[in-house]
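Residues per chain, in single letters:
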Amino acid sequence: MTSQLGNITSGNATLVLTAETVFPSGITLQQFSTDQAFSMDEITVMETRLGLDGTLMAAYVPSSYTVTLNLEASSPSHQQLTTLWSAIKANKRPYECKLVATLPAIKQIYTWSGGTLKSGTIVPPGKKTLEATAWKFEFADLNIT
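All figures in this text were calculated on a predicted structure; none of them were measured in a lab.

Undergrad: Before we go on, may I ask you to explain the pattern of salt bridges in this structure?
TA: Between side chains of opposite charge, pairing is possible as soon as their charged atoms come close. Scanning all chains against the criterion turns up 3 salt bridges. Taking the shortest distance from any N to any O, the salt bridge between E138 and K118 comes out at 3.5 Å. Placement of E138 in strand β9 (residues 133-139) and of K118 in strand β8 (residues 108-120) is noted, with a sequence separation of 20 residues between them. The buried category is assigned to E138, whose relative accessible area is 19%.

Here's what the structure looks like:
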């Protein structure tokens, strides 16, 4: 019996981030953390409750999309995201961001838009070796192609 071997690597993924006026042409993110390059938080699509009579009620609720990027301390992208953080801090305003993740292994492109940098590890944790930094973005929309 022959079965096809599935390819689920994220090693050939590319992520491009744009941020209005800071990176308008986009930057290709580099040097992701070994254990986790990026992740998206679970999203809630339904608000539910059970009435006293045992009837379940449900309603769609819109949710934002939280995406975390994990970068090695030596990543040139760490410095670029620090530049974005500095612009937000100096100008006290959000910068609209878009993130496009291309995953050839599963033939998917994820495009998050209408977002901004929410939080970031500006200083890498100084343990035995410098640890990865985490950068959280909050987006209004997600398109999957």
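There is more to say after this.
Undergrad: It is not clear to me how the packing of aromatic side chains should be interpreted in this structure. Could you clarify?
TA: Two numbers describe a pair of aromatic rings. These are the distance of the centres and the angle of the planes. A full pass over the atoms with the stated rule returns 3 aromatic pairs. Taken together, a centroid distance of 6.4 Å and an interplanar angle of 35 degrees make the contact between W112 and F139 tilted. Of this pair, W112 sits in strand β8 while F139 sits in strand β9, and the two are 27 residues apart along the sequence. An angle of 15 degrees between the planes, with centres 6.1 Å apart, marks the rings of F137 and F139 as stacked. Ring-pair connections join several aromatic residues into one group, and the members of that group are Y110, W112, F137 and F139. Taking the ring centre of Y95 as reference, the NZ or CZ of R93 above it sits at 3.9 Å.

Undergrad: For this particular structure, what's the right way to read the pairing of β8?
TA: Within a regular strand, side chains alternate between the sheet's two faces. Of the strand pairs in this sheet, strand β7 (residues 97-103) and β8 are connected by 6 bridges, and their pairing is antiparallel. Following the sheet pairing, C97 is matched in β8 by G115. In textbook terms, the turn of a hairpin is the stretch between consecutive antiparallel strands, and for β7 and β8 this stretch comprises 4 residues, one of which, K107, has a positive phi near 55 degrees. Note that β8 and strand β10 (residues 141-144) share 4 bridges and pair antiparallel. Note that in β10 the partner of S113 across the bridge is D141. With 4 bridges connecting them, β8 and β9 associate as antiparallel partners.

Undergrad: I'm lost on unusual backbone geometry in this one. Help?
TA: A negative phi angle is the norm for most residues apart from glycine, just as the trans form is the norm for most peptide bonds. One non-glycine residue with positive phi stands out, namely Q31, at about 55 degrees. Along the polypeptide, Q31 turns up in the loop between β2 (23-28) and β3 (38-40). By relative accessible area, which is 39% here, Q31 ends up partly exposed. One non-glycine residue, K92, lies in positive phi territory at about 50 degrees. Among the secondary structure elements, K92 is positioned in the loop between α1 (76-91) and β7.

Undergrad: Can you walk me through the pairing of strand β6 (residues 65-71) in this structure?
TA: Most of β6 sits inside the fold, with 7 of its 7 residues counted as buried. A two-sided burial pattern is seen for β6, the buried positions comprising Y65, V67, L69 and L71 on one face and T66, T68 and N70 on the other. Sheet analysis places β3 next to β6, joined by 3 bridges and oriented antiparallel. Paired with S39 across the bridge in β6 is T68. With 7 bridges connecting them, β6 and β9 associate as antiparallel partners. For T68, the partnering residue across the bridge sits in β9 and is K136.

Reading the values: rules and limits
- Residues numbered from 1 in each chain as written.
- Predicted model: local features only at pLDDT ≥ 70, side-chain atom pairs only at ≥ 80, totals over all residues.
- Heavy atoms only, no water.
- Salt bridge = Lys/Arg side-chain N within 4 Å of Asp/Glu carboxyl O.
- Helix = DSSP H or I, 4+ residues; strand = E, 2+ residues; numbered from the N terminus.
- Buried < 20%, exposed > 50% of the residue type's maximum accessible area, 1.4 Å probe, protein only.
- Phe/Tyr/Trp six-rings, centres within 6.5 Å; stacked < 30°, edge-to-face > 60°.
- Lys NZ or Arg CZ within 6 Å of the ring centre and 35° of its normal.
- Pairing = 2+ DSSP bridges.

Coordinates in, geometry out; function isn't part of it.
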